[in-house]
Amino acid sequence: MLGFIVIMPAIQILLFGIAIGQPPTGLDFAVVDNGPEGMGEVVIEELGASESILLHTDYSDISVAESEIVSGGLWGALHIHPNGTAELLLDNSNQQVTQTIIVEVRDAITEAMQAQGGSLPLEIADPVYGDKDPAFIDFLAPGIMTMVCFMFSLILTTMAFVGERYDGTLDRVFAAGTKPSEVLLGHLAAFTTILVGQVTVVILIATYGFDITIEGGVWLLFALGMLLGWSAMCFGLFVSSKANSEFQAMQLNMPVMFPVLLLSGILWPVQALPSWLQPIAWMMPTTWTAEAFRSIMIRGWGLEDRGIQLAFLFNAAFAVFALFIASRSLKVRE
Amino acid sequence: MEGGEDVGGAQLKGDSAAISVSGLVRGYGKTRVLEGLNMRVDSGSIYGLLGPSGCGKTTLLKVLLGRLVPADGSLAVLGSPPGSRGSRVPGGAVGYSPQELALYEDLSIRETFLFHGRLHGMDGEKIRARESWLIEFLDLPEPTRQVGEMSGGQKRRVSLAVALLHEPELLLLDEPTVGVDPELRARVWDHLQSIASEGVTIIITTHYIDEAGKADRVGMMRNGVLLAEDSPKAVMESQSASSLEEAFLALCRRDSTAVAV
């Protein structure tokens, strides 16, 4: 069971990494080449080499390709005109697919123009941070690591002593003169051993399972993951001290998990939230952690960065505050 | 090895009150459970608290433990209000066996004793010594047996053993003999009488009204107050009853009539 608890986050992060964030592959796409000598060949060669695109060159008429898009056989078609300009026809019903095609076509056209001695008026320089072709997984991985560290710690502790409060064991522990803070710290210490395993597994899977480069310090990542886990556990202990049954504890978790998933920049940037929601997002430790994880993993920043310092501070403050309200609600004398 | 050598003295018996309660009121939310209850338990005596379920026995025990704060009235447990500064209740002075089994199912008997022993600051050697005595006395299975795998009666005995473990000078036992066979029940009572003679004060609630005949005093509780509080013999005589059960029924009948008037 203990092994299962440690491995569960690993399974979840694996599923996430496999299912979400990888670029789509095998997209049916046609090139109709009526263009000048040389240009079409380079485009076809470039697109043909792409993993994302399954290239069809057997369409000689753009209207045939277009009707194939209408009937769902193609995601899009590129029509190269005799004057060297090109037109891109798309089934724009899936944004991720369209984005992938546009990036591939842009790169192919750029290559073709360079082959002819020209170039696009816009050149994208080597990025300061990150890859030239950023994959969504690079953005997603720090977020998923945040979510997994948070949720599994929360789930572990929400039911920690719901049962104990009702089966008399807590009465007995209190009768021995134990203080609520001692009970809470005892639970925290016990669950910390599991947390160490979970955070380690999460970081290992991200690095080795998905080949995500961690530019910054792994120990920094580990320390912040632990701190986030603690703040989730302290919050879980608070839920545990309030819930009247295990079922209720589960129900109380729900309104926490969804905002965490949706508002803390895990699946989508916080900057994309409506401005009135953003302050709420920054009240959650997960928002600070996801942002700091990205800075550490992609930018390679360290503790000298203000945002990372704030992430540590915010998590610590959140943990202490949650532990405080938990010990207030877990009364020895009622 | 018997429990309780290091506490109180037999000379205290009957001389002083281990527990005195007057005008105690306590409820949950709007329901009142204890309605101005008065009670006195002498040091080194066994006090049998009798009454139907829902009459407030468990609530009373939790007030004595300092777990529930009284809404009104005054009480002293071992000389001071429980939970007050300097009070040894809650703490090492008291052993409590809740009505629920209150055991961690994943722990073995040995681990259970170790956990509660450590809570009371006992060292490993002392815990081991108590463990072998309690296992022998309460006829428990081998110490490595997991609590979750034991029968109801065995769990009940482990639960009682935990209360006796640190040899407290005050024992609050909430229905400790439910599901325990008559022979062992008699042994438990013998032991309670023997540690009481060494100065340990015991409050025990029970359904088996007749077993309370072995107590030094009984309190008959109904609707949050004590209808009678005296030695079992005196209670029976006052109701001209031949058993405690009969006496209790007579008291209840008179109480109901009083309420009706």
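No experiment lies behind these values; they were computed from the predicted model shown.

Cut-offs and rules
- Residues numbered from 1 in each chain as written.
- Chains lettered and ligands numbered in written order.
- Predicted model: local features only at pLDDT ≥ 70, side-chain atom pairs only at ≥ 80, totals over all residues.
- Helix = DSSP H or I, 4+ residues; strand = E, 2+ residues; numbered from the N terminus.
- Rg over C-alpha atoms; globule rule 2.2 N^0.38 Å.
- Buried ≥ 20, exposed ≤ 12 C-beta atoms within 10 Å, placed from the backbone.
- Contact = placed C-beta atoms within 7 Å.
- Axes fitted to C-alpha atoms, helices over the stretch in contact; angles between N-to-C directions.
- Parallel < 35°, antiparallel > 145°, perpendicular 65-115°, else oblique.
- Domains from an automatic or database assignment.
- Left-handed = near helix turned anticlockwise from the far one by under 90°.
- Nonpolar A, V, L, I, M, F, W, Y, C, P; charged D, E, K, R; others polar.
- Expected span 1.5 Å × (residues − 1).
- Arc of directions from axis to C-beta.
- Pairing = 2+ DSSP bridges.
- Core = buried A, V, L, I, M, F, W, Y, C linked by C-beta atoms within 7 Å.

*Asks:* Explain the overall build of chain B to me, please; I cannot follow it from the model alone.
*Replies:* When its secondary structure is counted, chain B shows 7 helices and 9 strands. Relative to the compact-globule value of 18 Å for 261 residues, chain B shows a C-alpha radius of gyration of 18 Å, a close match. C-alpha atoms of chain B, sized along the principal axes, occupy 60 × 40 × 40 Å. The burial tally for chain B puts 43% of its 261 residues in the buried class. A separation threshold of at least 6 residues defines the contact pool for chain B, and within that pool the share at least 24 residues apart is 69%.

*Asks:* I'm lost on the packing of helix H9 (residues 218-242) of chain A against helix H12 (residues 285-299) of chain A in this one. Help?
*Replies:* Helix packing geometry: the angle between the two helix axes and the distance between the axes. All names here are of chain A. It is at 11 Å that the axes of H9 and H12 come closest, and there the two elements cross at 170 degrees. Classified by the angle their axes make, H9 and H12 are roughly antiparallel. Between H9 and H12, the contacting residues are Leu220, Leu221, Leu224, Leu228 and Ser231 on the first element and Pro285, Thr289, Ala292, Phe293 and Ile296 on the second.

*Asks:* Is there a simple way to explain the domain arrangement of chain A in this structure?
*Replies:* Buried accessible area, meaning the area lost when the parts come together, often serves as the stated size of an interface. Per the domain assignment, the segments of chain A are domain 1 (2-16 + 135-329) and domain 2 (27-115). Placing the centre of domain 1 of chain A and that of domain 2 of chain A at their C-alpha centroids yields a distance of 45 Å.

*Asks:* Looking at this model, I keep getting lost on the packing of helix H5 (residues 136-158) of chain A against H12(A). Mind explaining?
*Replies:* All names here are of chain A. Direction vectors running N to C along H5 and H12 enclose 135 degrees, while the axes themselves pass 9 Å from each other. If you check the angle between H5 and H12, you find them oblique. Seen from above, H5 lies across H12 with right-handed handedness. The segment H5 lies against H12, with Asp138, Pro142, Gly143, Met145, Thr146, Met147 and Phe150 engaging Thr286, Thr289, Ala290, Phe293, Arg294, Met297 and Ile298. Each residue belonging to the contact of H5 with H12 can be placed in one class, and the counts come to 8 nonpolar, 4 polar and 2 charged.

*Asks:* Would you mind going over helix H5 (residues 182-197) of chain B with me for this structure?
*Replies:* Given 3.6 residues per helical turn, the α-helix brings residues three or four places apart onto the same face. All names here are of chain B. The end-to-end C-alpha distance of H5 is 23 Å, a good match for the 22 Å that 16 residues give at a rise of 1.5 Å each. Taken together, the buried positions of H5 are Val188, Leu192, Ile195 and Ala196. Projected onto a plane normal to the axis of H5, the buried residues spread over an arc of 105 degrees and lie on a single side. More than 90 degrees from the buried face of H5, the exposed residues found are Pro182, Glu183 and Asp190. Elements that come into contact with the buried residues of H5 comprise strand S3 (46-50) and strand S7 (201-205). Looking one or two residues past H5, Gly199 carries a phi angle of roughly 115 degrees, positive in sign.

*Asks:* Help me understand the interface of chain B and chain A, please; the structure alone is not making it clear to me.
*Replies:* Across the boundary between the two partners, chain B contributes 19 residues, which contact 14 residues of chain A. Along the lines of polarity and charge, the residues of the side of chain B that touches chain A split into 11 nonpolar, 6 polar and 2 charged.

*Asks:* Help me understand the sheet that holds strand S9 (residues 225-230) of chain B, please; the structure alone is not making it clear to me.
*Replies:* Hydrogen bonds between backbone groups are what pair the strands of a sheet, and the pairing can be parallel or antiparallel. All names here are of chain B. Strand order in the open sheet formed by 6 strands is S5-S6-S7-S3-S8-S9, and the pairing between neighbours is mixed. Two strands in the sheet have a free side with no partner beyond their single neighbour: strand S5 (94-97) and S9. Each strand of the sheet is rotated relative to its neighbour by a mean of 15 degrees, with strand direction disregarded. The pairing of S5 with strand S6 (residues 170-174) spans 4 bridges and is classified as parallel. Pairing of Val94 across the sheet is with Leu170, part of S6. Against the sheet, helix H4 (residues 152-164) touches S5 and S6, its axis set at about 170 degrees to S5.

*Asks:* I would appreciate a short explanation of the sheet that holds strand S3 (residues 76-80) of chain A in the present structure.
*Replies:* Residues and elements named next belong to chain A. Spatial ordering of the open sheet is given by S2-S1-S3-S4, a layout of 4 strands whose pairing is mixed. At either end of the open sheet lies a strand with only one pairing partner, and these are strand S2 (53-56) and strand S4 (86-90). Strand-to-strand twist of the sheet, defined as the mean angle between neighbouring strand axes without regard to direction, takes the value 20 degrees. Sheet analysis places S3 next to S4, joined by 5 bridges and oriented antiparallel. Paired with Gly76 across the two strands is Leu90, which belongs to S4.

*Asks:* Which parts of the structure should I look at to understand the environment of B:Ser16?
*Replies:* Relative to the helices and strands, B:Ser16 is located in the segment before strand S1 (17-28). When the C-alpha positions of B:Ser16 and B:Ala129 are compared, they lie 32 Å apart, and in sequence the two are 113 residues distant.

*Asks:* Any chance you could explain helix H3 (residues 124-137) of chain B here in plain terms?
*Replies:* Residues and elements named next belong to chain B. Its 14 residues place the ends of H3 20 Å apart at the C-alpha level, agreeing with the 20 Å of an ideal helix rising 1.5 Å per residue. Of the positions making up H3, those classed as buried are Arg130, Glu131 and Leu134. When H3 is viewed along its axis, its buried side chains cluster within an angular range of 110 degrees and face the same direction. Turned more than 90 degrees away from the buried face of H3, the exposed residues are Glu125, Ser132 and Glu136. Residues of H3 that are buried in the fold lie against helix H2 (109-119) and H4. Once H3 ends, the next one or two residues include Asp139, with phi positive near 55 degrees.

*Asks:* Whenever I open this one, the domain arrangement of chain B confuses me. Can you help?
*Replies:* All names here are of chain B. What the domain assignment reports for chain B is domain 1 (1-93 + 168-227) and domain 2 (108-166). Between domain 1 and domain 2, the C-alpha centre-to-centre distance is 22 Å. On the domain 2 side, the residues contacting the 13 residues of domain 1 number 12 residues. Taken together, the residues of the side of domain 1 that touches domain 2 sort by class into 8 nonpolar, 4 polar and 1 charged.

*Asks:* Where do I start with the pairing of strand S8 (residues 217-222) of chain B in this structure?
*Replies:* Residues in a regular strand point their side chains to alternate faces of the sheet. Residues and elements named next belong to chain B. With respect to burial, S8 is a largely interior element, 5 of its 6 residues being buried. Note: S3 against S8, 4 bridges, orientation parallel. In the strand pairing of S8, Gly48 is matched with Val218. The pairing of S8 with S9 spans 5 bridges and is antiparallel. Within S9, the position partnered with Val218 by the bridge is Asp230.

*Asks:* Looking at this structure, how should I read the nonpolar core?
*Replies:* Counting residues in hydrophobic clusters, the biggest one holds 136 residues, and the most contacted among them are A:Cys234, B:Leu172 and B:Ile202. By residue number, the principal contributor to this core is H9(A), which donates 13 residues.

*Asks:* Before we go on, may I ask you to explain unusual backbone geometry in this structure?
*Replies:* What you tend to see is this: most non-glycine residues have negative phi, and most peptide bonds are trans. All names here are of chain B. Omega for the bond connecting Val89 with Pro90 falls within 30 degrees of zero, at -5 degrees, which places this linkage in the cis form. Mapping Pro90 onto the fold places it in the loop between strand S4 (72-77) and S5. Despite not being glycine, Glu175 has its phi angle at roughly 55 degrees, a positive value. Residue position: Glu175 is located in the loop between S6 and H5.

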